[in-house]
Amino acid sequence: MIEQSLTTEKCAIVTSNGLMINGHIFDSKLMLEHYVEILGAPGRSIDAGPPAPFGHRNNQIHLFDPDGIYLTEHHSSRLIESVNFIFDPSESPFQIEKAFGGSLEVEGQSIRRDMPERSMAFTSLNRDLPGEYSLVLGRIWVGISAKGRRDIYGKRMQPRFIVRVSICF
């Protein structure tokens with residue numbers, strides 16, 4: 001059963017009921033094992049940030065490179081606090097091999113690779129900073145990041161494109 005889930009394209013839907021991935025709902029902080037059932041084992045796990053002081057542990061980042069997804073695990077509770085869909089690997093805060101190639105729908109709107117920021121049509125979207133948006137759906141917080149591509153000199157250009165969607169519990 002797990003083998004089949006590893007080879008299928010990921011379909012994710014975010015509503016006020018939670019995050020549904022390939023028919024399985026996530027509506028609270030859970031252990032990594034619950035995600036492994038759907039996503040398979042992470043390709044690698046890394047510490048977030050500089051090394052933790054002796055006797056302490058950093059948050060863990062679990063990367064699913066072939067899917068363009070990473071999970072963040074809290075250092076103390078060891079529960080997954082966010083699921084992050086990467087649409088542009090060059091803009092990911094953690095090195096990831098591929099962009100998310102599945103389907104992602106947030107509050108009825110499809111989010112896709114190379115989607116311009118201006119295409120978002122959410123009714124309750126907050127603009128937190130230029131290119132940074134948030135939305136609360138029930139107990140779920142959704143963060144959407146959009147960035148302009150860089151020109152040959154490294155300067156960001158308009159328009160901005162969605163590069164990451166983070167689902168937080």
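Structure: above.
Treat the numbers as computed from the prediction; the structure is a model and nothing was measured.

Participant: So what's going on with the pairing of strand E1 (residues 11-15)? Which residues, and what values?
Facilitator: The alternating pattern of E1 places Ala12 and Val14 on a buried face, while none of Cys11, Ile13 and Thr15, on the opposite face, is buried. For E1 and strand E8 (residues 103-106), the ladder comprises four bridges, and the chain directions are parallel. By the bridge assignment for E8, Ala12 is matched with Leu104. Where E1 meets strand E2 (residues 18-21), four bridges bridge the pair, whose relative direction is antiparallel.

Participant: So, the pattern of salt bridges: which residues are in play, and what are the values?
Facilitator: Going through the model one piece at a time under the given rule, you end up with nine salt bridges. Where Glu91 meets Lys147, a salt bridge forms, and the shortest distance between an N and an O atom there is 3.7 Å. On the criterion of sequence distance, the pair formed by Glu91 in the loop between strand E7 (80-86) and E8 and Lys147 in strand E12 (residues 140-150) is long-range, its members being 56 residues apart. Linking Asp114 and Arg149 is a salt bridge whose minimum nitrogen-to-oxygen distance equals 2.4 Å. Placement of Asp114 in the loop between strand E9 (109-111) and strand E10 (126-129) and of Arg149 in strand E12 is noted, with a sequence separation of 35 residues between them. A residue is classified by how much of its surface remains accessible, and Asp114, at 44% relative accessible area, is partly exposed. Residue classification places Arg149 among the partly exposed residues on the basis of a relative accessible area of 34%. Beyond isolated ion pairs, a larger network of salt bridges with shared partners links Glu91, Lys147 and Arg156.

Participant: Describe the state of the cysteines, with residues and values.
Facilitator: According to the stated counting rule, one finds zero disulfides in the structure shown. Of all cysteine sulfurs in the structure, the one in Cys168 sits closest to Cys11, which takes part in no disulfide; the separation is 20 Å.

Participant: Quick rundown of the nonpolar core? Include the residues and the values.
Facilitator: Phe85, Leu104, Val106, Val142 and Val165 are the most contacted members of the largest nonpolar core, which totals 33 residues. Counting residues per element, this core draws most heavily on helix H2 (residues 32-39), which supplies four residues. The residues touching Val165, leaving out its near neighbours within four places in the chain, are Val83, Asn84, Phe85, Phe87, Leu104, Val106, Ile111, Val142, Gly143 and Ile144. Counting residues in hydrophobic clusters, the runner-up holds six residues, among them Ile61, Leu63, Ile86 and Phe94.

Participant: Got a sec to walk through the sheet that holds strand E13 (residues 156-168)? Specific residues and values, please.
Facilitator: Read from one edge to the other, the open sheet built from eight strands follows the order E4-E5-E6-E7-E13-E12-E11-E10, with strand pairing classed as antiparallel. Edge strands, defined here as strands with exactly one partner in the open sheet, are strand E4 (44-47) and E10. Shown here is a sheet whose adjacent strand axes are inclined to one another by a mean of 25°, direction ignored. Note that strand E11 (residues 132-137) and E12 share six bridges and pair antiparallel. Bridge pairing in E12 links Ser134 to Gly143. Its contacts with the sheet put H2 on strand E5 (60-64), strand E6 (69-73) and E7, and the angle it makes with E6 is roughly 170°.

Each value, and the rule that gives it
- Residues numbered from 1 in each chain as written.
- Predicted model: local features only at pLDDT ≥ 70, side-chain atom pairs only at ≥ 80, totals over all residues.
- Heavy atoms only, no water.
- Buried < 20%, exposed > 50% of the residue type's maximum accessible area, 1.4 Å probe, protein only.
- Helix = DSSP H or I, 4+ residues; strand = E, 2+ residues; numbered from the N terminus.
- Pairing = 2+ DSSP bridges.
- Salt bridge = Lys/Arg side-chain N within 4 Å of Asp/Glu carboxyl O.
- Disulfide = S-S within 2.5 Å.
- Core = buried A, V, L, I, M, F, W, Y, C linked by side-chain atoms within 4.5 Å.
- Contact = heavy atoms within 4.5 Å.
- Axes fitted to C-alpha atoms, helices over the stretch in contact; angles between N-to-C directions.

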